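Given next are the chains, with one letter for each unit.
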Amino acid sequence: MRISFTLRLPRDELSVPIVRHICRSALRELGVQGDCVGDIELAVTEACTNVLKHAQGTNQQYEVEVEVNEDACEIRVIDAGLGFFSTDAFQPASGSAEEGRGLHLMRALVDELQFISQPEQGTIVHLAKHLELSEDSILQRLGELSLPG
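Residues numbered from 1 in each chain as written. Predicted model: local features only at pLDDT ≥ 70, side-chain atom pairs only at ≥ 80, totals over all residues. Heavy atoms only, no water.

**Student:** Before we move on, could you go through the state of the cysteines and cite the residues and values that matter?
**Tutor:** Scanning all chains against the criterion turns up 0 disulfides. Cysteine C23 is unpaired, with the sulfur of C73 as its nearest cysteine sulfur at 6.8 Å. On the basis of relative accessible area, C23 is assigned to the buried category, the value being 2%. C36 takes part in no disulfide bond, and the closest cysteine sulfur, belonging to C73, lies 7.9 Å away. Taking relative accessible area as the criterion, C36 reaches 1% and is therefore assigned buried. (Disulfide = S-S within 2.5 Å. Buried < 20%, exposed > 50% of the residue type's maximum accessible area, 1.4 Å probe, protein only.)

**Student:** Let's hear about helix α3 (residues 101-109): which residues, and what values?
**Tutor:** Residues G102, L103, M106 and L109 constitute the buried set of α3. One side of α3 holds all its buried residues, which, seen down the axis, span an arc of 135°. Contact partners of the buried residues in α3: α2 (34-54), β4 (112-118) and β5 (122-130). (Helix = DSSP H or I, 4+ residues; strand = E, 2+ residues; numbered from the N terminus. Arc of directions from axis to C-beta. Contact = heavy atoms within 4.5 Å.)

**Student:** So what's going on with the nonpolar core? Residues and values would help.
**Tutor:** Among the nonpolar cores identified, the biggest contains 34 residues, and V19, Y62, V64, I75, V77, L127 and L131 are the most heavily contacted of them. Ranked by residues supplied to this core, first place goes to α2 with 9 residues. If near-sequence neighbours (up to four positions away) are discounted, L131 is found in contact with V32, C36, I40, V68, N69, D71, A72, C73 and L139. (Core = buried A, V, L, I, M, F, W, Y, C linked by side-chain atoms within 4.5 Å.)

Next comes the structure, spelled out in structure tokens:
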């Protein structure tokens, strides 16, 4: 069983709270435990912010793809612009740096973090997290219904 949705949003920082709210609401409604929802919510916020801040190009929109099953949540933040022109955006922050801490934060919050950026093809930030479900989770019940036999 798999539930997925895609958001197509303007390349504007005002869109980030929309992504955060929709992801949080969907995960809560599906019965994901609060701490797990909070981790995903913060990680997707950082991923969207990084794409908007660092990806280069004239594309006026970006996409957020969310895929959830009874085991995991995968999110891809996709900017079809020119991609990162350097690897500076992937470098760890120095101890006193104000910027760059979002990468460390995302790595701490999710089980898998991957950046794919190619010139002229854009940038994808891929997040994956194992889900902790409540006992009465809709995801759990739907997963049981889709099992064969």
